[in-house]
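What follows is each chain in one-letter form.
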Amino acid sequence: MKSTESTLLSTVRASQSERIVVGVSSCLLGQQVRFDGNHKHNKTITDALGQYWQYLPLCPEMAIGMGVPRRPIRLHGDETTPRAIGVSDPSVDVTQALTDYGQRKAQELTHISGYIFKKGSPSCGMERVKVYKGKNDLLSTRGVGLYARQIMLAQPLLPVEEEGRLADEGLRENFVQRVHVYHAWQQLQHGGLTARKLIDFHTQIKFTLLAHCEPTYRELGRLLAGLSKQRLQSVADEYIAQLMSALKKPATRTRHSNVMMHIMGFLKRHINRGDKQELIDAIRHYKLGRVSIEVPLVLLRHHLRYAPSGYLQQQFYLQRDW
Ligand code: SF4
């Protein structure tokens, strides 16, 4: 592989030894930190996803000294600026403590590449948290946990997900991919950004991006075409903001199929008619939902070995191992 091709793949590989770090609500790892002394162990998080990264468990309610067991809290008041107060004792108000802690952790946690939040928590919930008014009236289900809000405000590019949504295979895969890409971007920044590295990064992410959002794929190509040394950081900032936003869009089976057919186009001179038909069938079966994406991807990787193409070999899309 050429040296200029190595930016993203080398950082992905480095991350496999260095381990990617992902923040997580402590109770999801089985730690008994909930108000009643229980946990909410989620096996998808520890067993299925734990192989990809190292977790950094954080419990904001424990961190601000609420202890275990403690009186439960909930969001109360205005939907956008609620307070966190005691369910049975409104004089318990930890709004400021949770907000301050969130702001402090957001500044510290620059090394994490993703965050998994506990659903519905007045502290950790990233969306759809219940907000109450009066004594017991439900005002809204569109609140955000006070701690989670600060993390997401300070780090808008950080991939975040709720534990419940990770049971869905598509959403889980999307989150894992975003974490890996974001980690690679962090590594790129730490190593010192150059125009060459940025263009190499884009080259390596092209097919992945194409599977998620073709308009952004074209827009980012135009953005980098006008790259100058003076505008490097501002272009890079815009680039990663658009890329991470595009990757949130689900990559459908149809889009994946189009990308794989496109990749097959690079290989067609190197494979015989039978192999080509086999690939087309595998992609069609995937598109129809009969097989997993790994079936056509394994075939593509196999043919790539015998018909090496530097451009294809560097593609993050073909290197995915989750
Ligand atoms: S949801 Fe958050 S605050 Fe509540 S127990 Fe879990 S980690 Fe602690």
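Thresholds, definitions, all that
- Residues numbered from 1 in each chain as written.
- Predicted model: local features only at pLDDT ≥ 70, side-chain atom pairs only at ≥ 80, totals over all residues.
- Helix = DSSP H or I, 4+ residues; strand = E, 2+ residues; numbered from the N terminus.
- Buried ≥ 20, exposed ≤ 12 C-beta atoms within 10 Å, placed from the backbone.
- Near = placed C-beta within 6 Å.
- Nonpolar A, V, L, I, M, F, W, Y, C, P; charged D, E, K, R; others polar.
- Pairing = 2+ DSSP bridges.
- Axes fitted to C-alpha atoms, helices over the stretch in contact; angles between N-to-C directions.
- Expected span 1.5 Å × (residues − 1).
- Arc of directions from axis to C-beta.
- Parallel < 35°, antiparallel > 145°, perpendicular 65-115°, else oblique.
- Contact = placed C-beta atoms within 7 Å.
- Right-handed = clockwise from strand over helix to strand, strands pointing away.
- Left-handed = near helix turned anticlockwise from the far one by under 90°.

Engineer: With reference to specific residues and values, describe the overall build of the chain.
Structural biologist: From N to C terminus, the chain includes 14 helices and eight strands. Counting only C-alpha atoms and orienting by the principal axes, one finds that the chain spans roughly 75 × 50 × 35 Å. Considering the chain as a whole, with its 322 residues, one finds that 36% of them fall into the buried category.

Engineer: How would you summarise the site of the ligand if you had to cite specific residues and measurements?
Structural biologist: Close to the ligand lie S25, S26, C27, V33, R34, C59, P60, E61, K118, S121, S123 and C124. Looking at the shell around the ligand residue by residue, the classes come out as five nonpolar, four polar and three charged.

Engineer: Tell me about the sheet that holds strand β7 (residues 137–143), and name the residues and values.
Structural biologist: Here we have four strands laid out as an open sheet, ordered β4-β3-β6-β7, and mixed in their pairing. Either end of the sheet is taken by a strand with one partner, and the two such strands are β4 (82–86) and β7. The mean angle between the axes of side-by-side strands here comes to 45°, regardless of whether they run parallel or antiparallel. The pairing of strand β3 (residues 73–77) with β4 spans five bridges and is classified as antiparallel. Within the sheet, the bridge partner assigned to H76 lies in β4 and is R83.

Engineer: Describe helix α10 (residues 253–267), and please don't skip the residues or the numbers.
Structural biologist: An ideal rise of 1.5 Å per residue puts 21 Å on 15 residues; α10 measures up with 21 Å between its terminal C-alpha atoms. Looking at α10, one finds that the buried residues are H256, V259, M260, I263 and M264. Buried residues in α10, looked at end-on, bunch into an arc of 145°, giving them a common side. Of the residues in α10, the exposed ones pointing more than 90 degrees away from the buried face are T254, H262 and G265.

Engineer: I'd like a rundown of the packing of helix α8 (residues 214–225) against helix α9 (residues 232–247), residues and numbers included.
Structural biologist: Packing of α8 against α9 brings their axes to within 10 Å, and their N-to-C directions diverge by 170°. As the angle between them shows, α8 and α9 are arranged roughly antiparallel. Of the residues in α9, those touching α8 at T216, E219, L220, L223 and L224 are V235, E238, Y239, Q242, L243 and A246. Tallied by class, the residues present in the contact of α8 with α9 amount to seven nonpolar, two polar and two charged.

Engineer: Could you give an account of the pairing of β3, with specific residues and numbers?
Structural biologist: Joining the antiparallel neighbours β3 and β4 is a turn of four residues. Pairing analysis gives two bridges linking β3 to strand β6 (residues 129–133), with the strands arranged parallel. Bridge assignment links L75 to a residue of β6, and that residue is V131.

Engineer: Would you mind going over the environment of T208 in detail, with residue names and values included?
Structural biologist: Of note, T208 is situated in helix α7 (residues 195–212). Looking at T208, the number of C-beta atoms within 10 Å reads 24, which means it is buried. Separated by 104 residues in sequence, T208 and R104 place their C-alpha atoms 34 Å apart. In contact with T208, other than residues within four places in its own chain, are F316 and Y317.

Engineer: How would you summarise the pairing of strand β2 (residues 53–58) if you had to cite specific residues and measurements?
Structural biologist: Strand residues, when the strand is regular, have side chains that alternate between the two faces of the sheet. With six bridges connecting them, strand β1 (residues 20–25) and β2 associate as parallel partners. Following the sheet pairing, V21 is matched in β2 by Q54. With helix α2 (residues 43–48) bridging β1 and its parallel neighbour β2, the resulting β-α-β unit is right-handed.

Engineer: Just give me the short version of the packing of α7 against α8, but keep the residues and values in it.
Structural biologist: At their nearest, the axes of α7 and α8 sit 10 Å apart, and the two run at 165° to each other. It follows that α7 is roughly antiparallel to α8 by the angle criterion. For the pair α7 and α8, the sense of crossing is left-handed. Of the residues in α8, those in contact with L198, I199, H202, K206, L209 and L210 of α7 are E214, T216, Y217, L220 and L224.

Remember that the coordinates give geometry; whether it matters functionally is a separate question.
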